[in-house]
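# Structural description and commentary
Residues per chain, in single letters:
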Amino acid sequence: MSRVHVIGAGIVGSAAATWLVDAGHEVTVFDTEPDGLPTSSGNAALIALPEIAPLASPGILTAVPGWLLDPLGPLTVRWQDLPSMLPWLLAFLRSAAPSHDVHVRQALGGLMQTALSDHHSMARIAGMEGHLRQSGYISVHSTPQSVSAALQEAERVKAVLGYAYEALDPAAARRLVPQLEGEFAGAVHQPGYWMVSNPLTVLRHYQAFLRSKATVVAGRVAGMEQGAEGVTLVLTDGSRSASADFVVVAAGVWSRELVRQGGLKVLLETERGYNTTFTDLGWNLAMPVGFGDHGFIASPLVDGLRVGGAVELAKPETSPNYGRAKAMRAKMRRYVPSLPEGGTEWMGRRPSTPDSLPVISRNPRDKRILYAFGHGHLGLTLSAVTGRMIAELVAGGPDVPAFSIQRFQ
Ligand SMILES: Cc1cc2nc3c(=O)[nH]c(=O)nc-3n(C[C@H](O)[C@H](O)[C@H](O)COP(=O)(O)OP(=O)(O)OC[C@H]3O[C@@H](n4cnc5c(N)ncnc54)[C@H](O)[C@@H]3O)c2cc1C
């Protein structure tokens, strides 16, 4: 049994702590705001098992210039933040090489092999079975070219993971999702997607489990002291933790400060996303719907409909532009005219690496320090497998090179 400190009570830190508790360790979780609403609380709720393509795909580069010209389009940069993001952006562009595409699909495909069974196991550990369901997913497309690109991607995913898919004409798509009354060219249905009931409910359940089986401390970690006897956390109020045998850094985008302070390099920036949640529609979609040409989705939560996504590259602290949430609602009405005004707007911060791979790794200079961050668009999906892998690293298991922090050194 080891004493393990986990920094961050988002879904990734909570997952790591849950698996560590299950392995019999004495776990303490530190979070600036354990009752707060981090990115993990408001995402689209998808266990997106077929999503193994890197964001920086060879194809995306041709689309990016057009998107950037539309300030409310699927990808924008807050220009005042551009200088500080240049190293990340240059690495992102380098990642668009075809060889990297293959590498990412293999690496993420490996994680996806157990992502779902690990979610089921983790739910059993925390006594919360029943929040997962196989929802399927349908992407709708405005042009035949966009349909055929989506079919090609679905075929590539099938080759790696075996997931089935089917092409649908608009009438067949409307039989699955009758609210799709607007015009579109076609759709692709992928039954291999799962959903959680509601990301906030799930996060709160894991946090409550941790309050009962571990110690949860409200406090912002400013740094670490690595002594011979153990690692001590220094909090921003000047207090110090008891010493630990292992520390897991799972602080979302803010992990980068803790990494750099330890003398290591990392490229981690925020892909911010916006959404709107409707809780009083009186109707819901039968499955999540992706608007393939616009970079956002509508997901039926157990208690409402959530519409959003898109990517805004900006510093975490830059003020939100909720015009983006409004633009996605307006675009959705082209396909689903019954979507009303109103709803609650939200902004979240995806902690993203330029190569679309998370960091699940030991610190090569001090093996007592472990990293679990950088899950970008897939933090909920990959939370359980990441938590299991962190528990295996604490138990002395091997590093997985594809997810190592060494790639940034
Ligand atoms: C619009 C949108 C939709 C998304 N949809 C999906 C989806 O459908 N499926 C999916 O898999 N993923 C989705 N994601 C991505 C997913 O939400 C993120 O990858 C995930 O939430 C990241 O979790 P995390 O625990 O790493 O970070 P966070 O949720 O950001 O949690 C980090 C925690 O660390 C704490 N912290 C930070 N610094 C410190 C410090 N110094 N000391 C103490 N505590 C600290 C913070 O307070 C916070 O609680 C979406 C994201 C967005 C924005």
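Residues numbered from 1 in each chain as written. Predicted model: local features only at pLDDT ≥ 70, side-chain atom pairs only at ≥ 80, totals over all residues. Heavy atoms only, no water.

### Let's talk about the overall build of the protein
Cut-off, in case you're wondering: The helix and strand labels rest on DSSP assignments: H or I over at least four residues marks a helix, E over at least two residues marks a strand, and numbering proceeds from the N terminus. Residue exposure (1.4 Å probe, protein chains only): buried if accessible area is under 20% of the type maximum, exposed if over 50%, otherwise partly exposed. The contact rule is simple, with two residues in contact once any of their heavy atoms fall within 4.5 Å. Method for areas: the Shrake-Rupley scheme with a 1.4 Å probe, in which residue coverage is limited to the protein chains shown. Charge counting treats Lys and Arg as positive and Asp and Glu as negative, with His and both chain ends excluded. Charge positions come from single atoms, namely NZ of Lys, CZ of Arg, CG of Asp or CD of Glu.
Tallying secondary structure elements over the protein gives ten helices and 20 strands in all. The principal-axis extent of the C-alpha atoms belonging to the protein is close to 65 × 45 × 40 Å. Going through the 409 residues of the protein one by one, you find that 58% of them count as buried. Taking as baseline every contact in the protein between residues at least 6 positions apart, the subset at least 24 positions apart corresponds to 77%. On the protein, roughly 16200 Å² of surface is accessible, and the fraction owed to carbon and sulfur atoms is 55%. The centroid of the 35 positive side-chain charges in the protein is displaced by 3 Å from the centroid of its 35 negative side-chain charges.

### Some thoughts on the packing of helix α1 (residues 11–22) against helix α4 (residues 98–125)
Rules: Interaxial angles span 0 to 180 degrees and are taken between N-to-C directions of axes, which are lines fitted to C-alpha atoms, for helices over the stretch in contact. The handedness criterion is simple: a crossing whose near helix is rotated anticlockwise from the far helix by less than a right angle is left-handed, and one whose near helix is rotated clockwise is right-handed. In the scheme used here, Gly and all other residues not listed as nonpolar or charged are polar, with Ala, Val, Leu, Ile, Met, Phe, Trp, Tyr, Cys and Pro taken as nonpolar and Asp, Glu, Lys and Arg as charged.
It is the contact of α1 with α4, at a shortest axis distance of 10 Å, that shows an interaxial angle of 65 degrees. For the pair α1 and α4, the sense of crossing is left-handed. Residues Ala15, Thr18, Trp19 and Asp22 of α1 pack against Asp118, Ser121, Met122 and Ile125 of α4. Per-class residue counts for the contact of α1 with α4 are four nonpolar, two polar and two charged.

### So, the site of the ligand
Put simply, the test is: In this text, near means that some heavy atom of the residue lies within 4 Å of the molecule or strand in question. Pairs of N or O atoms within 3.5 Å make up the polar contacts considered here, provided that, within protein, one atom can donate a hydrogen while the other can accept it, and that residues adjacent in sequence are counted only when both atoms are side-chain atoms.
Neighbouring the ligand are 32 residues; Asp31, Ser40, Leu46, Gly376 and Thr381 lie closest to it. Here a nitrogen atom of the ligand and a backbone polar atom of His377 are 2.9 Å apart. One nitrogen or oxygen atom from the main chain of Leu380 is found 3.0 Å from an oxygen atom belonging to the ligand. For the ligand, the accessible surface in isolation is 1000 Å², of which the surrounding protein chains cover 95%.

### Here we look at the packing of aromatic side chains
Rule in force here: Here a Phe, Tyr or Trp ring, Trp counted by its six-membered ring, pairs with any other such ring whose centre lies within 6.5 Å, and the pair is stacked when the planes are under 30 degrees apart, edge-to-face when over 60, and tilted otherwise.
A full pass over the atoms with the stated rule returns seven aromatic pairs. Between Phe184 and Tyr335, the aromatic rings sit 6.5 Å apart at their centres with planes inclined by 45 degrees, giving tilted as the arrangement. Separated by 151 residues along the polypeptide, Phe184 in the loop between α6 (170–176) and β8 (186–190) and Tyr335 in helix α9 (residues 323–335) bring together distant segments of the chain. Here Phe184 falls in the buried class, since its relative accessible area comes to 10%.

### Digging into α4
Cut-off, in case you're wondering: Given a helix with a known number of residues, its expected span is that number minus one, times 1.5 Å. The angle between axes fitted to the seven-residue stretch ending at a residue and the seven-residue stretch beginning at it gives the bend at that residue.
Taking 1.5 Å of rise per residue, 28 residues should cover 40 Å, and α4 covers 40 Å from first to last C-alpha, within 8% of that figure. Bending of α4 peaks at approximately 40 degrees at the position of Ala115. Immediately downstream of α4, the backbone of Gly127 shows phi near 65 degrees, a positive value.

### Section: the domain arrangement of the protein
Test applied: What fixes the domain bounds is an automatic or database domain assignment. Reported buried area values correspond to the accessible surface (1.4 Å probe) lost by two parts on association, with both partners' losses combined.
Looking at the assigned domains, one finds that the protein contains domain 1 (3–41 + 201–267 + 356–408) and domain 2 (52–96 + 133–193 + 269–352). Here domain 1 and domain 2 have C-alpha centroids that lie 29 Å from each other. The interface of domain 1 with domain 2 comprises 14 residues on the first partner and 18 residues on the second. Here domain 1 meets domain 2 over a buried area of about 1300 Å², counting both sides, of which 60% is carbon and sulfur.

### Things to note about the side chain of Thr381
Assignment of secondary structure puts Thr381 in the loop between β20 (366–373) and α10 (383–394). Take Thr381: its relative accessible area is 1%, and that puts it in the buried class. At 3.1 Å, the side chain of Thr381 forms a polar contact with the backbone oxygen of Leu46. Within polar-contact distance, the side chain of Thr381 engages the backbone nitrogen of Ala48 at 3.0 Å.

### Some details on the pairing of β8
Applied cut-off: Strands are labelled as partners when DSSP assigns at least two bridges between them.
Summarising burial for β8: five of the five residues are buried, a large majority. Here β8 shows two buried faces, one formed by Gly186, Val188 and Gln190 and the other by Ala187 and His189. Pairing between strand β6 (residues 137–141) and β8: five bridges, direction antiparallel. What sits directly across from Tyr137, in β8, is Gln190. As judged from the three bridges shared by strand β7 (residues 166–168) and β8, these two strands associate in the antiparallel manner. Across the sheet, the residue bridging to Leu168 is Ala187, located in β8.

### Describing helix α3 (residues 82–94)
Here α3 contains 13 residues, and its C-alpha end-to-end distance of 17 Å stays within 8% of the 18 Å for a straight helix at 1.5 Å per residue. Where α3 bends most, the angle comes to about 35 degrees, and this point is Trp88. Lining the buried residues of α3 we find β14 (269–278), β17 (304–313) and β18 (344–352).

### What to know about the sheet that holds strand β19 (residues 359–363)
Strand order across the open sheet formed by six strands is β10-β2-β1-β13-β20-β19, with mixed pairing between neighbours. Strand pairing shows two members of the sheet lacking a second neighbour, β10 (215–218) and β19, which therefore form its edges. On average, adjacent strands in this sheet sit at an angle of 20 degrees to one another, irrespective of strand direction. Taken together, the three bridges between strand β13 (residues 246–249) and β20 define a ladder with parallel strand orientation. Bridging from a neighbouring strand, Val247 pairs with Ile369 of β20.

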